[in-house]
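Report on the structure
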There are 2 protein chains.
Amino acid sequence: MNKRITSQDVANLAGVSRTTVSFVLNNEERFAIRPETAEKVRAAAKQLGYYPNASARALASNQTKNIGLIISRAPQYIATDPFLPQILGGLLDILKENSLGLLLEWVEPGQQLESYLELTRAHHIDGMILMTPRLDDPGLKTLEETDIPVVVMGYIPGSTLHSVDVDNLSAAETAVCHLIELGHTKIACITNAALPYTSASQRLDGYKIALQKAGITYNPQLVREADFDAQSGYTQMRSLLESNLDFSAVFVASDNVALGAYSALSEAGLSIPDDISVVGFDDIPLASFIQPALTTISMPGHEIAVQSYQLLMQLMRRDFPLERAVSLPTDLIVRQSTRSLIG
Amino acid sequence: MNKRITSQDVANLAGVSRTTVSFVLNNEERFAIRPETAEKVRAAAKQLGYYPNASARALASNQTKNIGLIISRAPQYIATDPFLPQILGGLLDILKENSLGLLLEWVEPGQQLESYLELTRAHHIDGMILMTPRLDDPGLKTLEETDIPVVVMGYIPGSTLHSVDVDNLSAAETAVCHLIELGHTKIACITNAALPYTSASQRLDGYKIALQKAGITYNPQLVREADFDAQSGYTQMRSLLESNLDFSAVFVASDNVALGAYSALSEAGLSIPDDISVVGFDDIPLASFIQPALTTISMPGHEIAVQSYQLLMQLMRRDFPLERAVSLPTDLIVRQSTRSLIG
DNA sequence: TAATATTACTAACGCGCGTTAATCGTCACG
DNA sequence: CGTGACGATTAACGCGCGTTAGTAATATTA
């Protein structure tokens, strides 16, 4: 039986007190430890294979050294999200550098109410990052009233919570504007998700504004709501095609959804971009590899992760963060899925 | 300042002792608590918004109620993995049902040695699931010698660790066999990853065996090693094309990599499946939506997650698991990327 | 040389909870 | 009325660690 090795064991072996062990291993500069003593302690720790117990440390120090990534989306929608790994990769990278752990959770839309509190108090996290927030999430107000460090990936209008996001609205506007510049006037839209998701409604707003600025009348019949995955993109694109409405381009507010749309268009015998131009959103890794390569808006996934982390750290340190809402730039990546109607 | 609410507060409000509170909230059947007392306690807890502190509970009970998912791969390769979300979705789902948390970690290939031990002892996990293990991982032997509950997603020959995996070898064999049945004899192969990754070498072996059984001589020059992402698939497919070797089909041991291959083939003016047939592996969600829809091997991602969880739970309960290595079935999904040369 | 500062370390408490052993009724039985 | 059994509850310890207040030993100053 592998008996647990405690700091007391290290102390005994090194011939010092447990306090000294603690000071040495935590590099407590405030207390002067003679270098040779410190070395003795370190040697003993290594010899015994000592790893401080995280639970005990968390209890004593009131810091878990873990942060939580909370996804307010059901698992089946998590499973098909090709963007999630980018966030995870970025987050895992920077967290490891700083010796922090990442606790992943999902909360079902409907019982976020208590979830958030339980997550911080009950689970072992010092702060949390909220992915894909919903406008209709009642738990967000609760969170505002606590002093739990929270960063929202996505912008919530009117919320006092700190956030990191791209400017979805103007990015969408840019995307649609690109189509308009190419001469398209009849432009459909498939959202990335249901409208309570802030990113979905903001991208739809960008679509509307681009139309408006170009003097094109907004036609709600040309709009469909998808649901994160390619399957919903396929379904909604078919719905658009079956409506027999005339359009020469479609703005799909998610690459993943756009791939489903691709499939529906291909099945209908329509060519991209000859018959229909498509602009996506996210620039998922596969966007440049599909045929035709997808014109899209690039999301700085890694940067979003890094900025979220940094903002969260400031909050956890009780610094006054400089910005309440960090907004990151996006780029229009023009590839082969859009075509000019002019000339 | 939100003072922390402890079980003592609940006890005071309910007019009972802290012990009673603990018994009630943990549904301790062994001690008979009068129903009205239990109700008083529960009411007090609700009124105060009490959430037991996980660190303290972990320390006292020696159980963290968290499990770790360990990915032995660098973050940049995590970021482009479209299969990871399937595992995560499945795992998150079942873990939530059982009130467990999921701690995500990556270890860099090269310093797994101590990582694993530190992860369990230092971090807050009761057991761990290892993703994408490498044959050359020295830390695995260390793990075998401990009594830490570990489940490996992927099969490690000769290891005593418990594992859940598909039969990569025969699945790959099936895939290549499909090509052979269609009349292909000159079949190239692009692996999903470098060969130290067990899944990569096993799939390559399946490829070899299928050839052998069909009496086709194995030609190493027709084999390339990719590196998880589509970019590497593109690169390796170009390398194959530039070799000027003759082949009519290619087995790409990862859909993600296959998409890169698609791109290279398209760029070279070759048609799938008219000029080249392609079979992938994984059946990522997008496989059925790309053009042409990819013939591939379906991985039961959700089932892998569920089985891993169940096996891990048995180990954590110190049950004797019935099977040491769970092997899950795969299916060949024939779509449009393969074509018969016969007739 | 006595008083004070400095260095190097330690004793001891508390974090919030699970859990065992003990306590305090209460009731049945002889 | 005393004894034992049982049901309901609690006092008290320990989990492993961080940390404050303190001690002992040495160095510095008046």
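The rules behind these values
- Residues numbered from 1 in each chain as written.
- Chains lettered and ligands numbered in written order.
- Predicted model: local features only at pLDDT ≥ 70, side-chain atom pairs only at ≥ 80, totals over all residues.
- Heavy atoms only, no water.
- Salt bridge = Lys/Arg side-chain N within 4 Å of Asp/Glu carboxyl O.
- Buried < 20%, exposed > 50% of the residue type's maximum accessible area, 1.4 Å probe, protein only.
- Helix = DSSP H or I, 4+ residues; strand = E, 2+ residues; numbered from the N terminus.
- Domains from an automatic or database assignment.
- Expected span 1.5 Å × (residues − 1).
- Contact = heavy atoms within 4.5 Å.
- Buried area = accessible area lost by both parts, 1.4 Å probe.
- Polar contact = N/O pair within 3.5 Å; in protein donor to acceptor, adjacent residues only side chain to side chain.
- Nonpolar A, V, L, I, M, F, W, Y, C, P; charged D, E, K, R; others polar.
- Pairing = 2+ DSSP bridges.
- Axes fitted to C-alpha atoms, helices over the stretch in contact; angles between N-to-C directions.
- Least-squares fit on C-alpha atoms with pLDDT ≥ 70 in both.
- Parallel < 35°, antiparallel > 145°, perpendicular 65-115°, else oblique.
- Core = buried A, V, L, I, M, F, W, Y, C linked by side-chain atoms within 4.5 Å.

1. Details of the pattern of salt bridges
Opposite charge on two side chains permits them to pair, given that their charged atoms come into close proximity. Taken as a whole and assessed by the stated rule, the structure comprises 22 salt bridges over all chains. Among the salt bridges present, the one from Asp81 of chain B reaches Arg73 of chain B, with a minimum N-O distance of 2.9 Å. Both residues of the pair, Asp81 of chain B and Arg73 of chain B, belong to the buried class. The residue Lys213 of chain B makes a salt bridge to Glu173 of chain B at a minimum N-O spacing of 2.7 Å. Taken as a pair, Lys213 of chain B in helix 10 (residues 198–213) and Glu173 of chain B in helix 9 (residues 168–181) lie far apart in primary sequence, 40 residues in all. Given the relative accessible area of 63%, Lys213 of chain B is considered exposed. Beyond isolated ion pairs, a larger network of salt bridges with shared partners links Arg238, Glu242 and Glu267 of chain A.

2. Some details on the domain arrangement of chain A
One can read the domain layout of chain A as domain 1 (7–50), domain 2 (60–166 + 302–326) and domain 3 (168–300). Here the C-alpha centre of domain 2 of chain A lies 36 Å away from the C-alpha centre of domain 1 of chain A.

3. Focus: the environment of Thr19 of chain B
Positionally, Thr19 of chain B belongs in helix 2 (residues 18–25). In this structure, the C-alpha to C-alpha distance between Thr19 of chain B and Gln8 of chain B, residues 11 residues apart in sequence, is 9.1 Å.

4. Some details on helix 13 (residues 301–316) of chain B
A turn of α-helix holds 3.6 residues, and therefore any two residues three or four places apart point the same way. Residue and element names in this part refer to chain B. Between the first and last C-alpha of helix 13 there are 22 Å, a value that for 16 residues agrees with the 22 Å anticipated at 1.5 Å per step. Of the positions making up helix 13, those classed as buried are Gly301, Ile304, Ala305, Val306, Ser308, Tyr309, Leu311, Leu312, Met313 and Leu315. On the buried face of helix 13, the contacting elements are strand 1 (66–71), helix 6 (84–97), strand 3 (127–131), strand 4 (150–153), strand 5 (162–166) and strand 11 (325–328). Looking one or two residues beyond helix 13, the residue adopting positive phi is Arg318, at roughly 60°.

5. So, the interface of chain A and chain B
Taken together, the contacts link 61 residues of chain A with 60 residues of chain B. Between chain A and chain B the total buried area reaches about 5,200 Å² when both faces are included, carbon and sulfur atoms providing 62% of it. At the boundary of chain A and chain B, one finds zero salt bridges. At the junction of chain A and chain B, the tally comes to 10 residue pairs in polar contact (both at pLDDT 80 or more). Breaking the side of chain A that touches chain B down by element, the ones donating at least two residues are helix 4 (54–61), helix 5 (75–78), helix 6 (84–97), strand 2 (101–106), helix 7 (112–121), helix 11 (230–242) and helix 12 (255–267) of chain A. Ranked by residues supplied to the side of chain A that touches chain B, first place goes to helix 6 of chain A with eight residues. Grouping the amino acids of the side of chain A that touches chain B by side-chain chemistry returns 30 nonpolar, 20 polar and 11 charged. As defined by bridge partners, strand 2 of chain A adjoins strand 2 (residues 101–106) of chain B across three bridges and the pair is classed as antiparallel. Looking at the pairing, Leu103 of chain A lines up with Leu103 of chain B of strand 2 of chain B.

6. Concerning the sheet that holds strand 9 (residues 277–279) of chain A
All names here are of chain A. Taken in spatial order, the four strands make up an open sheet running 7-6-8-9, and their pairing is parallel. The open sheet is flanked by strand 7 (223–225) and strand 9, the only strands paired with a single partner. Between one strand axis and the next, the sheet turns through 15° on average, direction left out of account. Sheet analysis places strand 6 (residues 187–191) next to strand 8 (residues 249–252), joined by four bridges and oriented parallel.

7. A few points about the relation of the copies chain A and chain B
Relative to chain B, chain A is turned by 180° and slid 0.1 Å along the rotation axis, the superposed coordinates differing by an RMSD of 0.1 Å. Given the turn and translation reported, the copies of this chain are related as if by a two-fold rotation axis. When the interface residues of chain A are mapped onto chain B, 98% of them again fall at the interface, so both copies present the same face.

8. Looking at helix 12 (residues 255–267) of chain B
All names here are of chain B. Relative to the 18 Å expected for 13 residues at 1.5 Å per residue, helix 12 spans 18 Å between its end C-alpha atoms, a close match to the ideal helical length. Of all 13 residues in helix 12, 11 are buried, a share of seventy percent or more. All of the buried residues along helix 12 are Asp255, Asn256, Val257, Ala258, Leu259, Gly260, Ala261, Tyr262, Ser263, Ala264 and Leu265. Structurally, helix 12 contributes buried residues whose contacts are with strand 6 (187–191), helix 11 (230–242), strand 8 (249–252), strand 9 (277–279) and strand 10 (296–298).

9. Brief notes about the packing of helix 2 (residues 18–25) of chain A against helix 3 (residues 35–48) of chain A
All names here are of chain A. Running from N to C, helix 2 and helix 3 cross one another at 90°; their axes reach a closest spacing of 10 Å. Taken together, helix 2 and helix 3 sit at an angle that is classed as roughly perpendicular. Taking contact as the criterion, the partners of Thr20, Val21, Val24 and Leu25 in helix 2 are, on helix 3, Thr37, Ala38, Val41, Arg42 and Ala45. Class assignment for the residues of the contact of helix 2 with helix 3 results in six nonpolar, two polar and one charged.

10. Some remarks on the nonpolar core
The biggest cluster of nonpolar side chains holds 160 residues, and the ones touching the most others in it are Tyr207, Phe251 and Val278 of chain A together with Tyr207, Phe251 and Val278 of chain B. Apart from residues no more than four positions distant in its own chain, Tyr207 of chain A is found in contact with Ala172, Val176, Ile187, Ala188, Cys189, Tyr218, Leu222, Val223 and Phe251 of chain A. Within the second largest apolar cluster, 36 residues are counted, among which are Leu130 and Leu140 of chain A together with Leu103 and Leu161 of chain B.

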